Amino acid sequence: MENLKNLYRSFAAGAVALTMTAGSVWAEGSIVSFNGPAGEAYIGKFIKGIKATAELKGFDIKVFENQFNQAEQDQQVQQILAAGQLPDVFIWWPSDAVAGLGSLRALAKTGVPVLKINQLPNEQDKQYIFGFAGPDDRLRARNAGYMMREAAAAKKAAGGTGFNVLALSYPHSYGGYGLSINAFKEAIAGSDLTIIGDVDEGFGQANGYKGAAKMIAALQGQSIDFVYGMDDAILTGGIKALEEAGMVMGKDVIAVGTVCNGDKQLIEEGKQFGTTLQSPLHEGQLAIKLVEEYLETGKLANYINFTPNPSVTKETIATTALRGFDGKLYGIEELCSGAW
């Protein structure tokens, strides 16, 4: 049989093509993971987690990256299915859970169990997966809201005024957006804080900067006193835009983020009040732990499985540590991503 080359092709420039022989067979205890690009800091540490833990547990794992592009991920799924050699488990992190439903359905129809990652199951896709591993979007946003309430209360007690909040959010079509913004709103309800803008520009620092700059211009005449970053990478870009507009972070504007994938220096210098730690390393480790459990027992003890999410501030950053699902203790540099 002729070799089937270029089974996986990335649309991103410079990506490395994967190759596989059509006549080859997967190793016993084999996993295929579909996820975003390793070049993105958070996903890079997630991939580190699944690969290292898979090796520790004796699994063969193949990782297929897409550049946040559902059409690309769909093509990867079709190529895997066309090759005819299926793994024991699929790990599914969709670029877009709604647009990627057809691919998930196709994976499930093979009879191979599928574990969903990062984005909570919904009414459409839960029938195709055996469980979920990832962050608790509600808890993460709620913790950020509580931190902002704390900062607002301290400001008010010191005689400060102005409690307008700018939200720098995920794309509103992304699965975690609704869960996050609703939990954040619930956390700040009854306080002096009021959301006056919700940026829907996209992921990453560049989009955070672009979206914040647009909102600053649109909100002329209204003060921006607090900023909530649904993702620290987005928040990092937003802080840059706020500073360029002449605002002093930590004084004129108090920023609270989430995920811990931004810039450690912002917290150390007081430009960011705090964040909530969402460890991609733990997410990858947890995925393999659940794969092992399912292959051994045919089911999971819990359908929904969350990673830890402690708050991190300037006062706690140096002592924050979490034990991984591999039994090892990890410090803040390993737990966070971005410039840490």
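Given the structure is predicted, the values throughout are model-derived calculations rather than measurements.

One can describe the packing of helix 4 (residues 137–157) onto helix 5 (residues 175–188) by two numbers: an axis separation of 7 Å at closest approach and a directional angle of 35 degrees. Handedness of the crossing formed by helix 4 with helix 5: right-handed. Side by side, helix 4 and helix 5 meet where Asp137, Arg138, Arg140, Ala141, Arg142, Ala144, Gly145, Tyr146, Met148 and Arg149 of the first sit next to Gly176, Leu179, Ser180, Ala183, Phe184, Ala187 and Ile188 of the second. In terms of residue class, the contact of helix 4 with helix 5 is made up of 9 nonpolar, 3 polar and 5 charged.

Let us now look at the pattern of salt bridges. For the structure shown, the criterion picks out 13 salt bridges. A salt bridge links lysine 126 to glutamate 123; the nearest nitrogen and oxygen atoms lie 3.1 Å apart. The salt bridge involving glutamate 201 is made with lysine 214; its shortest N-O contact spans 3.5 Å. Of this pair, glutamate 201 sits in the loop between strand 7 (194–199) and helix 6 (204–218) while lysine 214 sits in helix 6, and the two are 13 residues apart along the sequence.

A separate point is the confidence of the model for the protein. A residue-level look at the protein finds 92% of positions with pLDDT of 70 or above and a mean pLDDT of 90. This model gives residues 1–27 a pLDDT under 50, and the stretch forms 51 contacts once residues within four places in sequence are excluded.

As a further point, take the pairing of strand 6 (residues 164–168). Of all 5 residues making up strand 6, 5 are buried, and the element is well covered by its neighbours. Two strands pair when backbone bridges link them, and strand 6 and strand 7 are joined in this way by 5 bridges, in the parallel orientation. Paired with leucine 168 across the two strands is valine 199, which belongs to strand 7. Handedness of the crossover is the feature at issue here: the chain leaves strand 6, passes through helix 5, returns alongside strand 7, and the resulting connection is right-handed.

Moving on, we get to the packing of aromatic side chains. This structure, assessed with the given rule, holds 13 aromatic pairs. Between the aromatic rings of phenylalanine 46 and tryptophan 93, the centroid separation amounts to 5.0 Å while the plane-to-plane angle is 90 degrees, which identifies the pairing as edge-to-face. Here phenylalanine 46, found in helix 1 (residues 41–57), pairs with tryptophan 93, found in the loop between strand 3 (89–92) and helix 3 (101–109); they are 47 residues apart in sequence, far enough to count as distant. Across the pair, exposure class does not vary: phenylalanine 46 and tryptophan 93 are buried alike. In this structure an aromatic cluster arises from ring pairing among Phe34, Phe64, Phe90 and Trp92. Between the NZ or CZ atom of lysine 240 and the centre of the ring of tyrosine 209, over which it lies, the distance is 5.4 Å.

It is worth spelling out the state of the cysteines at this point. Working definition: the covalent bond between the sulfur atoms of two cysteines is a disulfide. The full count for this structure, using the stated rule, is 1 disulfide. A sulfur-sulfur separation of 1.8 Å characterises the disulfide bridge that pairs cysteine 260 with cysteine 336. Handedness of the cysteine 260-cysteine 336 disulfide follows from its S-S torsion of about 70 degrees: it is right-handed. With cysteine 260 in the loop between strand 9 (254–256) and helix 8 (264–268) and cysteine 336 in the segment after helix 10 (332–335), this pair connects stretches of sequence that are 76 residues apart. You can call cysteine 260 buried: its relative accessible area is 0%. Residue classification places cysteine 336 among the buried positions, given a relative accessible area of 0%.

Read across the sheet, 6 strands follow the order 2-1-3-4-5-11 without closing on themselves; strand pairing throughout is parallel. Two strands bound the open sheet, and with one partner strand each, they are strand 2 (60–65) and strand 11 (304–306). Within the sheet, the average angular offset between the axes of one strand and its neighbour, ignoring direction, is 20 degrees. Strands in contact with helix 1 are strand 1 (30–35), strand 2 and strand 4 (114–117); relative to strand 2, the strand with the most contacts, it is inclined by about 165 degrees. Sitting on the sheet, helix 2 (residues 70–83) is in contact with strand 1, strand 2 and strand 3, with an inclination near 160 degrees to strand 1.

Quick notes on the rules
Residues numbered from 1 in each chain as written. Predicted model: local features only at pLDDT ≥ 70, side-chain atom pairs only at ≥ 80, totals over all residues. Heavy atoms only, no water. Axes fitted to C-alpha atoms, helices over the stretch in contact; angles between N-to-C directions. Helix = DSSP H or I, 4+ residues; strand = E, 2+ residues; numbered from the N terminus. Left-handed = near helix turned anticlockwise from the far one by under 90°. Contact = heavy atoms within 4.5 Å. Nonpolar A, V, L, I, M, F, W, Y, C, P; charged D, E, K, R; others polar. Salt bridge = Lys/Arg side-chain N within 4 Å of Asp/Glu carboxyl O. pLDDT = per-residue confidence, 0-100. Buried < 20%, exposed > 50% of the residue type's maximum accessible area, 1.4 Å probe, protein only. Pairing = 2+ DSSP bridges. Right-handed = clockwise from strand over helix to strand, strands pointing away. Phe/Tyr/Trp six-rings, centres within 6.5 Å; stacked < 30°, edge-to-face > 60°. Lys NZ or Arg CZ within 6 Å of the ring centre and 35° of its normal. Disulfide = S-S within 2.5 Å.

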